[in-house]
Amino acid sequence: MEMKDFSLEGKVAWVTGASYGIGFAIASAFAKAGAKIVFNDIKQELVDKGIAAYKEAGIEAKGYVCDVTNEDAVNETAADIVKTMGSIDILVNNAGIIKRIPMLEMKASEFRQVIDVDLNAPFIVSKACIPYMIEKGHGKIINICSMMSELGRETVSAYAAAKGGLKMLTRNIASEYGQYNIQCNGIGPGYIETPQTAPLRTPGHPFNEFILAKTPANRWGKPEDLQGPAVFLASDASNFVNGHVLYVDGGILAYIGKQPQ
Ligand code: NAP
Ligand code: GCO
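Residues numbered from 1 in each chain as written. Chains lettered and ligands numbered in written order. Predicted model: local features only at pLDDT ≥ 70, side-chain atom pairs only at ≥ 80, totals over all residues. Heavy atoms only, no water.

- In the nomenclature of an unreviewed UniProt entry, the protein is known as Gluconate 5-dehydrogenase of Candidatus Ornithospirochaeta avicola.
- Under the Sequence similarities (unreviewed entry) heading, UniProt states for the protein: "Belongs to the short-chain dehydrogenases/reductases (SDR) family." (UniProt positions renumbered as here; feature names shortened; annotations may be inferred.)

## Quick word on the layout of surface pockets
Logical step 1: The volume enclosed by the largest pocket comes to roughly 900 Å³.
Logical step 2: Along the walls of the largest pocket sit 41 residues, with Asn 94, Ala 95, Gly 96, Ile 97 and Gln 196 positioned nearest its centre.
Logical step 3: In terms of residues, the lining of the largest pocket owes the most to one element, helix 1 (residues 21-32), which gives 3 residues.
Logical step 4: In the lining of the largest pocket, the residues fall into 21 nonpolar, 14 polar and 6 charged.
Logical step 5: Put simply, the second largest pocket is a space of about 180 Å³.
Logical step 6: Considering the residues around the second largest pocket, the lining is formed by Phe 123, Ser 126, Lys 127, Ile 130, Pro 131, Ile 134, Leu 169, Asn 172, Ile 173, Glu 176 and Tyr 177.
Logical step 7: Breaking the lining of the second largest pocket down by element, the ones donating at least two residues are helix 4 (108-136) and helix 5 (157-177).
Logical step 8: Its residues assigned to classes, the lining of the second largest pocket shows 7 nonpolar, 2 polar and 2 charged. (1 Å grid on protein atoms, 1.4 Å probe; cavity = no way out; pocket = protein on both sides within 12 Å on 5 of 7 lines; lining within 4 Å. Points joined across faces, edges and corners; volume = space filled by probe spheres on them. Helix = DSSP H or I, 4+ residues; strand = E, 2+ residues; numbered from the N terminus. Nonpolar A, V, L, I, M, F, W, Y, C, P; charged D, E, K, R; others polar.)

## Things to note about the nonpolar core
Logical step 1: One finds Phe 30, Ile 37, Tyr 54, Val 92, Ile 142 and Ile 187 to be the most contacted residues of the largest nonpolar core, which totals 30 residues.
Logical step 2: Going through the elements one at a time, strand 1 (12-16), helix 1, strand 2 (36-41), helix 2 (44-56), strand 4 (90-93), strand 5 (139-144) and helix 7 (227-234) are the ones with two or more residues in this core.
Logical step 3: Ranked by residues supplied to this core, first place goes to helix 1 with 6 residues.
Logical step 4: Filtering out sequence-adjacent residues up to four positions away, Ile 142 remains in contact with Phe 30, Leu 91, Val 92, Asn 93, Asn 185, Ile 187, Ala 230, Leu 233 and Ala 234. (Core = buried A, V, L, I, M, F, W, Y, C linked by side-chain atoms within 4.5 Å. Buried < 20%, exposed > 50% of the residue type's maximum accessible area, 1.4 Å probe, protein only. Contact = heavy atoms within 4.5 Å.)

## Looking at the site of ligand 1
Logical step 1: Around ligand 1 sit 29 residues in total, of which Tyr 20, Asp 41, Asn 94, Tyr 159 and Thr 194 are the nearest.
Logical step 2: Contacts to ligand 1 include Tyr 20, whose side-chain N or O atom sits 2.5 Å from an oxygen atom.
Logical step 3: One of the backbone N or O atoms of Ile 192 is found 2.8 Å from an oxygen atom in ligand 1.
Logical step 4: In the complex, 92% of the free accessible area of ligand 1, which totals 900 Å², lies under the protein chains.
Logical step 5: Because more than half of its atoms lie within 2 Å of the grid, ligand 1 is assigned to the largest pocket.
Logical step 6: Listed by contribution, the elements that provide at least two residues to the shell around ligand 1 are helix 1, strand 2 and helix 5.
Logical step 7: Considering only residue class, the shell around ligand 1 consists of 16 nonpolar, 9 polar and 4 charged. (Near = heavy atom within 4 Å. Polar contact = N/O pair within 3.5 Å; in protein donor to acceptor, adjacent residues only side chain to side chain. Areas by Shrake-Rupley, 256 points an atom, 1.4 Å probe, with all protein chains shown as cover. Sits in = over half its atoms within 2 Å of the grid points.)

So this is what it looks like as structure tokens:
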């Protein structure tokens, strides 16, 4: 093994929904490892904000307004990335939403909306990118899974169903396209400090105390905690890792939880 195996020099990486949050952190790490960065968001104002944020970090990122649930828009975006950047070597299906509603109060339309973004969209975007990866003879797909790929909890039925499905979609892409030197793996973040979890993190909030007690590291994760694992899974150093979900959770899944004092 050579350290250059961890380099992303010369690679084009598309990170969906990466104007901020986990996607932004992963894309920033990819840039540091030498990759060219492409990202998308639903709104032009967020894409503009994202481009400015990447620029501030010294990164020349290309941004697209694209709703990942819109197959035509995704296919057009993928084609334009290949036309203008030359390839899509790395795809991170990061865009996602959550709705925290007790199941009996959740409308079917709300359930479908979460499934659409968190599961159908990774299928759509992967399907748009894989042909280009086959043509190039290599590709890396990283699906951002979750603790809810393994565990349930009150109010997140749609999200857990989607993220559980995303774990199996990861394994299936690995199975179906590994023969083309495409590796598809997942990252399962623990509880990370981003806008998505802000409602759960107010000091004194019972959930905040709960997660600290469930995490051996006794802290919330930061988006930066995901950067090294993501670079590893996007690099040649992981060319024989396929269909794996790498949990970056500070030990939550291994831990029964701090015993009451
Ligand atoms: P976030 O702060 O809510 O950011 C999600 C990003 O996805 C936003 O940029 C959002 O754009 C974008 N997005 C949502 N729907 C989209 C669509 N239809 N098309 C394009 N972009 C869309 O979330 P995060 O905490 O960074 O999470 C990123 C990923 O990690 C998600 O898949 C999430 O499920 C997963 N995850 C998060 C945690 C955590 O603790 N934070 C833990 C495990 C897994 P808008 O702002 O325009 O909506
Ligand atoms: C929740 C949280 C979690 C995290 C993450 C954990 O409401 O339980 O939002 O779902 O976002 O997915 O891995």
